[in-house]
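Summary of the model geometry
Letter by letter, the chains look like this.
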Amino acid sequence: MTELKGALIGCGFFAINQMHAWNDVRGAGIVAICDRDPERLKIVGDQFGIDRRYGDAEALFADGGFDFVDIATTVQSHRFLVEMAARNKVPAICQKPFAKTLSDAKAMVEACRNARIPLMVHENFRWQTPIQAVRRALDADVIGTPFWGRFSFRSAYDVFSGQPYLADGERFIIEDLGIHTLDIARYILGDVRSLTARTKRVNPTIKGEDVATILLDHENGATSVVDVSYATKLSKEPFPETLIELDGSEGTIRLTQGYGLEITNAKGSTTTDVSPKLLSWASLPWHNIQESVYAIQQHWVDQLMRGAEHSTSGADNLKTFALVEAAYDSAAEGQTIDVGAMLR
């Protein structure tokens, strides 16, 4: 198989995971990196042996010599860089959150559609091994038709030490974490018709909300609750696990803390260990997320080779992004929001 050549734009906190994963991915590798910070550029370039280093994205695209670009910058630059990729006809992966606004996200999808290039959002949580196990169990019809679900991420983990900018934004947990949990809810129970959300700021040293509870009405008639918190102190810290409860017409599924998959139906109850692998470069407890980075990047390469649509394409991610915007609107207005109207 011919190896695809990639370029990475953004050498910050999370990009290190992406670089490690690219070293493991079959069929692709990174040949150039770009960052406005010379020190970060040197650190990543030296660590991963990348000689082509750029402080300017325009210069990177002008030199070319790569088949896709992985945009791992913060959200402020996403539209500018995705549209630059579109102008240069270079397939693009974009880090989440996809855009500053839904209108920006729609414009980015349209730019890549007009350029006829693939665009995928790096929405990796649905690619976690335990989440994939839940999806496979549903597809195997072990609980019949699901009618209720809960997708929960509650923690007191200090995310601000590694990413201090998270404390400064007017928006926090829904935009940074809830976006993943909402995407999982869509992935497991299908698209959403309407939602109602409530938020709270418990930590007085941050600007945004650190607790959110969101009620989803899915198009297939199921109801689910997405609840996320970085203000929840527990006897055993669950970070970074997403816990899932599903009730179906023929049984139940529970993804419990410690990566246990419990299935109960007419045949009885079973518990299976669906723990993620600890990759050679990964570390506890981040290994769940780190493995999913590898999984989504492998998916990108495989689908690119096939010329097939990506699971978290830009167009698909608009539906997740709309849930984020709807959640903020609902919390501000105290009303239920019609999600479909936001996408029209």
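Since the model is a prediction, treat every value here as computed from it, not as a measurement.

What counts, and at which threshold
- Residues numbered from 1 in each chain as written.
- Predicted model: local features only at pLDDT ≥ 70, side-chain atom pairs only at ≥ 80, totals over all residues.
- Heavy atoms only, no water.
- Bend = angle between axes of the 7 residues up to and from the residue.
- Helix = DSSP H or I, 4+ residues; strand = E, 2+ residues; numbered from the N terminus.
- Buried < 20%, exposed > 50% of the residue type's maximum accessible area, 1.4 Å probe, protein only.
- UniProt positions renumbered as here; feature names shortened; annotations may be inferred.
- Phe/Tyr/Trp six-rings, centres within 6.5 Å; stacked < 30°, edge-to-face > 60°.
- Pairing = 2+ DSSP bridges.
- Axes fitted to C-alpha atoms, helices over the stretch in contact; angles between N-to-C directions.
- Salt bridge = Lys/Arg side-chain N within 4 Å of Asp/Glu carboxyl O.

Once that is clear, we can look at helix 7 (residues 173–189). Note that an α-helix has 3.6 residues per turn; residues three or four places apart therefore point the same way. For helix 7, the principal kink sits at I179 and spans about 40 degrees. Counting buried positions over the 17 residues of helix 7 gives 17, a clear majority of the element. The first or second residue beyond helix 7 is G190, which carries a positive phi of 95 degrees.

The residues that UniProt annotates with the feature "domain: GFO/IDH/MocA-like oxidoreductase" (unreviewed entry) are residues 131–254. The distance separating the terminal C-alpha atoms of residues 131–254 is 11 Å; by composition the span is 21% helix and 35% strand.

Per the stated rule, a full pass over the model turns up 11 aromatic pairs. Residues W22 and F68 carry aromatic rings whose centres are separated by 5.1 Å and whose planes lie at 40 degrees to one another, so their mutual orientation is tilted. Of this pair, W22 sits in helix 1 (residues 15–24) while F68 sits in strand 4 (residues 68–71), and the two are 46 residues apart along the sequence. Each member of the pair, W22 as well as F68, carries the same accessibility label: buried. With a centroid separation of 5.8 Å and 20 degrees between ring planes, the pair formed by F172 and Y230 is classed as stacked. A residue pair is termed long-range when its members are at least 10 positions apart, and F172 in the loop between strand 7 (146–154) and helix 7 and Y230 in the loop between strand 10 (223–229) and strand 11 (243–248) qualify at 58 residues.

The strands making up a sheet associate through hydrogen bonds between their backbones, and the pairing can be parallel or antiparallel. Strands sit in the order 3-2-1-4-5-6 across an open sheet of six strands; the sheet is parallel. The open sheet has two free edges, formed respectively by strand 3 (52–54) and strand 6 (119–122), since each of these has just one partner strand. Averaged over all pairs of adjacent strands, the angle between their axes in this sheet comes to 25 degrees, without regard to strand direction. Two elements, strand 5 (residues 92–95) and strand 6, share four bridges in a ladder whose sense is parallel. The residue bridging I93 from the neighbouring strand is M120, located in strand 6.

With the rule as written, the count across this model stands at 21 salt bridges. Among the salt bridges present, the one from R150 reaches D227, with a minimum N-O distance of 3.0 Å. Note that R150 is positioned in strand 7 and D227 in strand 10, a separation of 77 residues in sequence. Take D227: its relative accessible area is 4%, and that puts it in the buried class. Residue E245 is joined to R254 by a salt bridge in which the shortest nitrogen-to-oxygen separation is 3.7 Å. Here the salt bridges share partners, and the residues they tie into one network are R126, D183, R186, D191, D316 and K319.

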